[in-house]
Amino acid sequence: ILILFTLMHPIFFLFNSDLFPTTTFKEKFFIFLYALDADVVTIIRINLIFIVMHLLPNPWRERKFYQWTMKFFYYVFNVAALIFEASDCVYYRYALKRTTSDIIFMKNDAAALAPTFIHDFWYIGLLIIIMVIGAEILYRKSGRQLKNFVQHNVLPRFRFVPKFHIPFFLVC
């Protein structure tokens with residue numbers, strides 16, 4: 001997901017480059033670094049349920065229903081975030097700010113303008129579809145790698161999971 005969020009920064013800049021005419025390469029580099037930091041925090045917040053469900057020790061972790069539930073949470077929250085991220089490419093030009101909770105209060109206007117938005121900016125929908133396919137590929141790849149890592153590195157060393165790490169993680 002971090003890769004997809006990171007790829008959105010140059011795309012966002014390409015859509016809105018005329019709004020940032022005086023930025024130097026050095027300024028763009030530092031903006032990119034700050035955006036990367038913000039992306040990490042955003043991804044942790046978006047995936048908190050997913051992360052906690054992975055950290056909680058439970059006997060049904062390998063069951064299909066649990067894995068399906070994990071994937072459901074992964075897609076619901078991350079696809080919604082990617083939709084907002086992609087729509088910012090065109091929304092910024094009109095509002096001169098990123099999408100915030102203000103959009104919730106514009107629900108009547110947003111519903112009326114949605115068909116026009118989809119028609120005029122169909123390529124944003126295509127970008128979202130490509131990102132969702134990319135998220136699925138990365139999800140499958142990371143799942144295999146995580147399973148292999150746990151089986152070969154973690155499980156032989158730890159026979160139990162200390163319960164004190166869960167409240168510590170939630171506090172952080």
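Our subject is the structure listed above.
Residues numbered from 1 in each chain as written. Predicted model: local features only at pLDDT ≥ 70, side-chain atom pairs only at ≥ 80, totals over all residues. Heavy atoms only, no water.

### Remarks on the overall build of the protein
Going by this rule: The numbering of helices and of strands both runs from the N terminus, where a helix is a DSSP run of H or I of at least 4 residues and a strand a run of E of at least 2. The buried label goes to any residue with under 20% of its type's maximum accessible area, the exposed label to any with over 50%, and the partly exposed label to all in between, with areas taken from a 1.4 Å probe on protein chains only. We call two residues contacting when some pair of their heavy atoms lies within 4.5 Å.
Along the backbone of the protein there are eight helices and zero strands. Listing the helices and strands of the protein from first to last along the sequence gives α-α-α-α-α-α-α-α. In the protein, buried positions account for 24% of the 172 residues. Residue pairs at least 24 apart in sequence account for 76% of intrachain contacts in the protein once pairs closer than 6 positions are excluded.

### Overview of the packing of helix α1 (residues 2–16) against helix α2 (residues 25–46)
Helix-helix packing is described using two parameters, namely the angle between the two axes and the distance between the axes. Let me state the cut-off plainly: Every axis in this analysis is a line fitted to C-alpha atoms, fitted for helices over the stretch in contact. Angles between the N-to-C directions lie between 0 and 180 degrees. Roughly parallel refers to an angle under 35 degrees, roughly antiparallel to one over 145, roughly perpendicular to one between 65 and 115, and oblique to any angle outside these ranges. Here is the rule for handedness: rotate from the far helix to the near one, and if that takes an anticlockwise turn smaller than a right angle the crossing is left-handed, while a clockwise turn gives right-handed. Amino acids outside the nonpolar list (Ala, Val, Leu, Ile, Met, Phe, Trp, Tyr, Cys, Pro) and the charged list (Asp, Glu, Lys, Arg) are all regarded as polar, and Gly is one of them.
Axis separation between α1 and α2 bottoms out at 10 Å; the angle between their running directions is 140 degrees. In this view, α1 runs oblique relative to α2, as classed from their interaxial angle. Crossing handedness for the pair α1 and α2: right-handed. Packed against α1, whose contacting residues are Leu2, Phe5, Thr6, His9 and Phe13, the element α2 presents Lys28, Phe32, Ala35, Leu36, Asp39, Val40, Thr42, Ile43 and Ile46 at the interface. Residue composition of the contact of α1 with α2, by class: nine nonpolar, three polar and two charged.

### Points about the packing of α1 against helix α4 (residues 64–95)
Where α1 meets α4, the closest approach of the two axes is 9 Å, and the angle between their N-to-C directions is 15 degrees. When the axes of α1 and α4 are compared, the pair comes out roughly parallel. The two elements α1 and α4 meet at a crossing, and its hand is right-handed. Residue-level contacts link Leu4, Phe5, Met8, His9, Ile11, Phe12, Phe15 and Asn16 of α1 to Ala81, Leu82, Glu85, Ala86, Asp88, Cys89, Val90, Tyr92 and Arg93 of α4.

### Brief notes about the packing of aromatic side chains
This is how the line gets drawn: Only Phe, Tyr and Trp rings take part, Trp by its six-membered ring, and two of them pair if their centres are within 6.5 Å. Stacked means planes under 30 degrees apart, edge-to-face means over 60, and tilted covers everything else.
Per the counting criterion, the structure on display carries 15 aromatic pairs. Look at Phe50 and Tyr74: their rings are 5.5 Å apart centre to centre, the planes differ by 45 degrees, and that puts the pair in the tilted class. Separated by 24 residues along the polypeptide, Phe50 in helix α3 (residues 48–55) and Tyr74 in helix α4 bring together distant segments of the chain. A relative accessible area of 7% means that Tyr74 is categorised as buried.

### Describing the side chain of Asn16
The cut-off we apply is this: Within 3.5 Å is the distance limit for a polar contact, defined as a pair of N or O atoms, with the added protein rule that one can donate a hydrogen and the other accept it, and that residues adjacent in sequence qualify only through two side-chain atoms.
Along the polypeptide, Asn16 turns up in helix α1. The exposure class of Asn16 is buried, given its relative accessible area of 0%. A polar contact of 3.1 Å, which involves the side chain of Asn16, links it to the backbone oxygen of Cys89. In contact with Asn16, other than residues within four places in its own chain, are Asp88, Cys89, Tyr92 and Arg93.

### Comments concerning the pattern of salt bridges
Should their charged atoms come close, side chains of opposite charge can pair. Basically, it comes down to this: Salt bridges are identified by distance alone: a Lys or Arg side-chain nitrogen within 4 Å of an Asp or Glu carboxyl oxygen.
With the rule as written, the count across this model stands at two salt bridges. Put simply, Asp18 and Arg93 hold a salt bridge, and the shortest N to O gap is 2.9 Å. Here Asp18, found in the loop between α1 and α2, pairs with Arg93, found in helix α4; they are 75 residues apart in sequence, far enough to count as distant. For Glu136, the salt bridge goes to Lys71, with nearest N and O atoms at 3.1 Å. Here Glu136, found in helix α7 (residues 122–154), pairs with Lys71, found in helix α4; they are 65 residues apart in sequence, far enough to count as distant. The buried category is assigned to Glu136, whose relative accessible area is 17%.

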